[in-house]
Amino acid sequence: MTPTPTRGGIKPATTTWYTSATAVAAARRMAAAEVAGDPACSMAAVGRPDPSLIPQGSRIGIGNHGRYWCLIW
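Because the structure is predicted, anything quoted here is derived from the model rather than measured.

### Focus on the pairing of strand S3 (residues 59–65)
Sheet topology places strand S1 (residues 16–19) next to S3; four bridges connect them, and they run parallel. Bridged to Thr 16 within S3 is Arg 59. Hairpin geometry of S3 and strand S4 (residues 68–72) is characterised by an intervening segment of two residues between the two adjacent antiparallel strands and by a positive phi of about 60° at Gly 66.

This is the structure we're talking about:
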C-alpha cells in the first residue's frame, strides 16, 4: 500500500457530499424563476459550480435541476 502524501504531516480534510432534498427544492425554484440564488443555498450556480470556491472538510448538500445548482454547507 502506498501512503497518502500529506502536507506538513497533516492529512488533508475530507469533504463529504450528499444529495440534499432542500438543495434540490431550491434548484427547482431557481430553474422555475430562471435566476440563480435562493436563501437556502450557501452557493448557487447556473452550470457547474466552481469547486475552488467550496470549503474543504465540510459536509455539503447538493441539488440540481436542469442547469441550476444549489450547494449547502
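### Overview of the state of the cysteines
Using the criterion set out here, one finds one disulfide in the structure. With its sulfur 2.1 Å from that of its partner, Cys 41 forms a disulfide with Cys 70. Here the disulfide of Cys 41 and Cys 70 is left-handed, its torsion about the S-S bond being about -120°. Of this pair, Cys 41 sits in the loop between helix H1 (21–33) and strand S2 (43–46) while Cys 70 sits in strand S4, and the two are 29 residues apart along the sequence. Cys 70 carries the same exposure label as Cys 41, and that label is buried.

### Points about the side chain of Asp 38
Assignment of secondary structure puts Asp 38 in the loop between H1 and S2. For Asp 38, a relative accessible area of 14% translates into the label buried. Polar contacts involving the side chain of Asp 38 include one to the side chain of Arg 29, which spans 2.9 Å. Within polar-contact distance, the side chain of Asp 38 engages the backbone nitrogen of Ala 40 at 3.0 Å. Not counting chain neighbours up to four residues away, the residues in contact with Asp 38 comprise Ala 26, Arg 29 and Met 30.

Reading the values: the criteria
- The residue count restarts for each chain, going from 1 along the sequence in the order it is written.
- Local features in a predicted model are, by the rule used here, given only for residues with pLDDT of at least 70; side-chain atom pairs are given and counted only at 80 or more, and totals for whole chains, interfaces and linings are based on all residues.
- The side-chain figures draw on all heavy atoms in the structure; neither hydrogens nor water molecules are used.
- Think of it this way: DSSP has to see at least two bridges between two strands before they count as a pair.
- Secondary structure follows DSSP: runs of H or I at least 4 residues long count as helices, runs of E at least 2 residues long count as strands, and numbering of each begins at the N terminus.
- In what follows, a disulfide is any cysteine sulfur pair within 2.5 Å.
- Burial status follows relative accessibility: with a 1.4 Å probe on protein chains alone, a residue under 20% of its type maximum counts as buried, one over 50% as exposed, and anything between as partly exposed.
- In protein, a polar contact means a hydrogen-donor-capable atom and an acceptor-capable atom, both N or O and within 3.5 Å, with residues adjacent in sequence counting only if both atoms are side-chain atoms; elsewhere, any N or O pair within 3.5 Å suffices.
- Contact between two residues is taken to exist if any of their heavy atoms lie within 4.5 Å; hydrogens are not considered.

Purely geometric stuff here, so don't read any function into it on its own.
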